Amino acid sequence: MSRKIYIATFGCRTNQADSASIQEDFVAAGYEEALRPEEADVIVVNSCTVTHRSDQQVRQLTRRMLRQNAGARVLVTGCYAQRSPESLAGLQGLAGVVGNTRKGELVRIAEGVSDNPEYRRDLVGIFLDSFEKIRAIDLVPGTPIGGRTRPFVKIQDGCDARCSYCIIPSVRGPSRSVPPGQIIDQVRSLVSEGFREIVLTGIHIGTYGLYLEPRHPLDRLLEDIVRVEGLGQVRLSSIEPMELSRRVVRLAARTDRIAPHFHICLQSGSDRILKRMLRPYDAKRFLGLVEPIRELLPRAAIGTDVIVGFPGETEEDHQATLDLLERGPFTYLHVFPYSDRPGTAASSMADKVPADVVKRRAGELRRLGSRKNRKFRRSWIGQRLRVLTLTKEHDGRREGLTGNYLPAWVPASVQPNRLTEGIAARDEGGALIFDEVEPVSSSEFRVPSTESSS
């Protein structure tokens, strides 16, 4: 009887890409995917630690899985495991805590090689190393978990920034990049399997290629990717403002194969708070970086992240954020209440904002984000848009996603994982409704000439 593996993933797209690689490792070792944790012989919880709530959710889920399947070998890996292994190791019945540095060894650890003296063992078995200053990582090509229609291709990991609120550099290590040849090979493999959209992900993708020899920046990687025969479109995950090259924006304006969607992290509209956060720009500089996107790509979605209630944030600082977001070209907002992370510079700041004030301010920002998104979404009624069909069906319709990151519904007769085009008929329930769509071939898309995008 074959063994079964179940993977539960928390957090960012990079973690989801990591989980896909972990699953490929187990499949290569003879495991089958379990649809439910109760069916699994091995359970891997790939954790996140970006907020206190993330830590709590990881612990809760792990305890539940230990109760539901006492016979499984349960391992916790990921960023929480890297940051605070001892707080997880006390969970009764847990087989091991595996840091990000040892994710590639999960199969060996699950199969009992953990008794090998080369490993450090304490409590239930902690497998953890500090990050070495390396500038390249290995990527395992593979099909994404669960038959997704938008596979995540991890191109980069780690971060060299030292934002005062962020724990990620200490749990992900320094910025390092996947060699471009490996990325192109994986994109070609996914395209050959029929995937129409590829999402490039990483912790700090704007730094892609800076430490490769020779250097191979993100705009050159994108030029390589958009020339892959049969590719539908490639989409970028979030990017830091100072690392969004104008060459990338100009390239996106010259081809249909880059989704018109940019997520650029702001965090605050107050210069004083940005300085305390150790962000390398002020509000005016940020707007100067994002406004050219609207000029070159008027159809593009432009999203951003905002942290609410950073230590020392006053009503004036909060209003500055509201004002900047109101006048900026943003089509949606991701709003995060500040979460204290021990070990960061912000954690030692004494002037914390009361929880009720944070909640009120977050509500104001979310309402602003909803209003801006609704305005952007409704501006496309009667307009032709490209829609990627997804797997979910409801009430005779199939879920979809437009190139400019708007939720959509198309007729359920259209199969998943198809690139289509149609005219948005109306806005209903926060999504655009398309009564009819037609297939679109990637061969019809514009591909940039071989001239440099610089």
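Below: a short report on this structure.

Reading guide: rules and limits
Residues numbered from 1 in each chain as written. Predicted model: local features only at pLDDT ≥ 70, side-chain atom pairs only at ≥ 80, totals over all residues. Heavy atoms only, no water. Salt bridge = Lys/Arg side-chain N within 4 Å of Asp/Glu carboxyl O. Helix = DSSP H or I, 4+ residues; strand = E, 2+ residues; numbered from the N terminus. Buried < 20%, exposed > 50% of the residue type's maximum accessible area, 1.4 Å probe, protein only. Axes fitted to C-alpha atoms, helices over the stretch in contact; angles between N-to-C directions. Parallel < 35°, antiparallel > 145°, perpendicular 65-115°, else oblique. Contact = heavy atoms within 4.5 Å. Pairing = 2+ DSSP bridges. Polar contact = N/O pair within 3.5 Å; in protein donor to acceptor, adjacent residues only side chain to side chain.

What about the pattern of salt bridges?
Counting across every chain of the model gives 31 salt bridges. The residue Asp55 makes a salt bridge to Arg83 at a minimum N-O spacing of 2.6 Å. Of this pair, Asp55 sits in helix α2 (residues 52-68) while Arg83 sits in helix α3 (residues 79-83); the two residues are 28 residues apart in sequence, bridging distant segments of the chain. Given a relative accessible area of 3%, Asp55 falls into the buried group. Here Arg83 falls in the partly exposed class, since its relative accessible area comes to 25%. A salt bridge links Asp351 to Arg276; the shortest N-O distance between them is 3.0 Å. Taken together, the residues Asp351 in the loop between β14 (332-337) and α13 (355-378) and Arg276 in helix α10 (residues 271-277) connect sequence positions 75 residues apart. Note on Asp351: relative accessible area 35%, which makes it partly exposed.

Some remarks on the packing of helix α12 (residues 315-327) against α13
With their axes 11 Å apart at the nearest point, α12 and α13 run at an angle of 10° to one another. Classified by the angle their axes make, α12 and α13 are roughly parallel. On α13, the residues that touch Glu315, His318, Thr321, Leu322, Leu325 and Glu326 of α12 are Val357, Arg360, Arg361, Glu364, Leu365, Leu368, Arg371 and Lys372.

Observations concerning the sheet that holds strand β3 (residues 42-47)
Spatial ordering of the open sheet is given by β2-β1-β3-β4-β5-β6, a layout of six strands whose pairing is parallel. Single-partner strands in this sheet number two, and they are β2 (32-33) and β6 (126-127). The pairing of strand β4 (residues 73-78) with strand β5 (residues 96-98) spans three bridges and is classified as parallel. Each bridged residue has a counterpart across the sheet, and for Thr77 the counterpart in β5 is Val98. Together, β1 (4-9), β3 and β4 form the strand contacts of α2, whose direction differs from that of β3 by roughly 175°.

Some details on the environment of Arg397
Assignment of secondary structure puts Arg397 in strand β16 (residues 397-402). In this structure, the C-alpha to C-alpha distance between Arg397 and Leu106, residues 291 residues apart in sequence, is 40 Å. Excluding residues within four positions of it along the chain, Arg397 makes contact with Lys392, Trp409, Val410, Pro411, Ala412, Arg426, Glu428 and Ile433. Here the side chain of Arg397 touches Glu428 through a polar contact of 2.9 Å, side chain to side chain.

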